[in-house]
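# A closer look at the structure
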Amino acid sequence: MPFIEESDLLELHKDIDKAQIINERLLDQIKIKNKELKTSKIQRNVLATVTGLFVICTLIITSYSAGLINSGSKKIEPQNNLLVSIDSLDAIKTRIDNLKEQNEELSLVKEFYLAKNFLEKEKVYSVQVKSFVDNNITLASEALTNTLFVKTNPFYSYSLGNFETLDEAQKFRKQLVDIGFKDAFVASYKEGKRLQIEDPY
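Read on for an overview of the structure. All figures in this text were calculated on a predicted structure; none of them were measured in a lab. Within each chain, residue numbers correspond to sequence positions counted from 1 in written order. Reporting in this predicted model follows two pLDDT cut-offs: at least 70 for local features of residues, and 80 or more for side-chain atom pairs to be given and counted; totals over whole chains, interfaces and linings ignore these cut-offs and use all residues. Calculated side-chain values reflect all of the structure's heavy atoms, with hydrogen atoms and water omitted.

### Re the overall build of the protein
The test is simple: Runs of E in the DSSP output that reach at least two residues are strands. Runs of H or I that reach at least four are helices, and both are numbered from the N terminus. In this scheme, a residue with accessible area under 20% of its type's maximum is buried, one over 50% is exposed, and one in between is partly exposed, where area comes from a 1.4 Å probe on protein chains only. The contact definition used throughout considers only heavy atoms, calling two residues in contact when any of these lie within 4.5 Å. A 1.4 Å probe and the Shrake-Rupley method give the accessible areas. Residues count as covered only by the protein chains that appear here.
Within the protein, the regular secondary structure consists of 3 helices and 5 strands. Ordering the α and β elements of the protein from the N terminus gives α-α-β-β-β-α-β-β. With 201 residues in all, the protein has 19% of them scored as buried. In the protein, the proportion of contacts linking residues at least 24 apart, taken out of those at least 6 apart, comes to 64%. With the model as given, the accessible surface of the protein reaches about 15100 Å², and the carbon-plus-sulfur share is 59%.

Okay, structure coming up:
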């Protein structure tokens, strides 16, 4: 039966406490991001409504103005009226295109957080390429959805790729080994924790 020193046991407890604090911070960050997503969705809906009303009002005013000019005067200059209408329509079209781009960007942000939540709940396979004693957060970015930065006592491990099957992860590991990551290995993860080291072949 293995024996563990009291100092090692205290270090393990400290590591567990640190991991819990990190998890709580991550949960707080996720809650903040979810609030930001809800706020941006509300802003997008309000903006779309205001833009729609603006387009309708512009069309009504333009058609009403064209009707008054046509009925109030026998001498009509259709070229000037046509130029004003085209300029207004170009401005409206540009505004609509800008709103579509903003909507696409918001959709991508939403898809990113949905994918991240899915990955945290499902078992995934990833290829660990490096581990560190210290928490070197500068190496990882939350914007990268194909990376994992996980605390595996007493180290912090850095993994690449999120795969549904072990076979996909093993193929990716082989490619990484071929380009110089000789110590890379496949591991399975669930809910932000490493489950086990998998067979590399």
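### Some words on the environment of G52
Looking at the element boundaries, G52 is found in helix α1 (residues 6-72). The spatial distance from the C-alpha of G52 to the C-alpha of I96 is 9.1 Å, given a sequence separation of 44 residues.

### Quick look at the pattern of salt bridges
Operational definition: For salt bridges, the criterion is a side-chain nitrogen of Lys or Arg within 4 Å of an Asp or Glu carboxyl oxygen.
By the definition in use, this model includes 4 salt bridges. Across the pair E36 and K33 runs a salt bridge, and its minimum N-O distance is 3.8 Å. Placement of the pair is E36 and K33 together in helix α1, with a separation of 3 residues, close to one helical turn. By relative accessible area, which is 44% here, E36 ends up partly exposed. Residue K33 is classed as partly exposed on the basis of its relative accessible area, which comes to 29%. The partner of D167 in a salt bridge is K171, and the shortest N-O contact between them spans 3.4 Å. Here the residue D167 and the residue K171 both occupy positions in helix α3 (residues 166-178), the gap between them amounting to 4 residues, near one helical turn. Residue class for D167 comes out partly exposed when judged on its relative accessible area of 42%. A relative accessible area of 52% places K171 in the exposed class.

### Quick notes on a nonpolar patch on the surface
So the rule is basically this: Residues enter a patch when their relative accessible area is above 30% and they make no salt bridge; the linking distance is 9 Å between like charges and 5 Å between nonpolar side chains (Val, Leu, Ile, Met, Phe, Trp, Tyr).
Where nonpolar side chains cluster on the molecular surface, the patch consists of I4, L9 and L12 and spans about 230 Å² of accessible area. In this fold, I4 is placed in the segment before α1.

### Points about the nonpolar core
For clarity, the cut-off: What we call a nonpolar core is a set of buried Ala, Val, Leu, Ile, Met, Phe, Trp, Tyr and Cys residues that are connected through their side-chain atoms within 4.5 Å.
Counting residues in hydrophobic clusters, the biggest one holds 10 residues: Y125, V127, V129, F132, Y158, F163, A169, L176, A184 and V186. When contributions to this core are tallied by element, the ones reaching two or more residues are β1 (124-132), β3 (155-163) and α3. Aside from chain neighbours lying at most four places away, what touches L176 is V127, V129, L160 and F181.

### Remarks on α3
Applicable threshold: To estimate the expected span of a helix, subtract one from its residue number and multiply by 1.5 Å. Starting at the helix axis, one direction is taken to each C-beta atom, and the arc is that of these directions.
For α3, which comprises 13 residues, the first-to-last C-alpha distance of 18 Å matches the rise-based estimate of 18 Å (1.5 Å per residue) to within 8%. When α3 is considered as a whole, its buried residues turn out to be A169, Q170, R173, L176 and V177. Buried residues of α3, viewed axially, fall in a sector of 120°; they line one side. Seen from the buried face of α3, the exposed residues on the opposite side, beyond 90 degrees, are K171, K174 and D178. Summarising the contacts, the buried residues of α3 are in contact with β1, β3 and β4 (185-190). A positive phi of about 125° marks G180, the residue just after α3.

### Notes on the pairing of strand β5 (residues 193-197)
This is how the line gets drawn: One requirement defines pairing of two strands: DSSP has to find at least two bridges between them.
Across 4 bridges, β4 lies against β5 in antiparallel orientation. Within β5, the residue paired with K190 across the bridge is K193.

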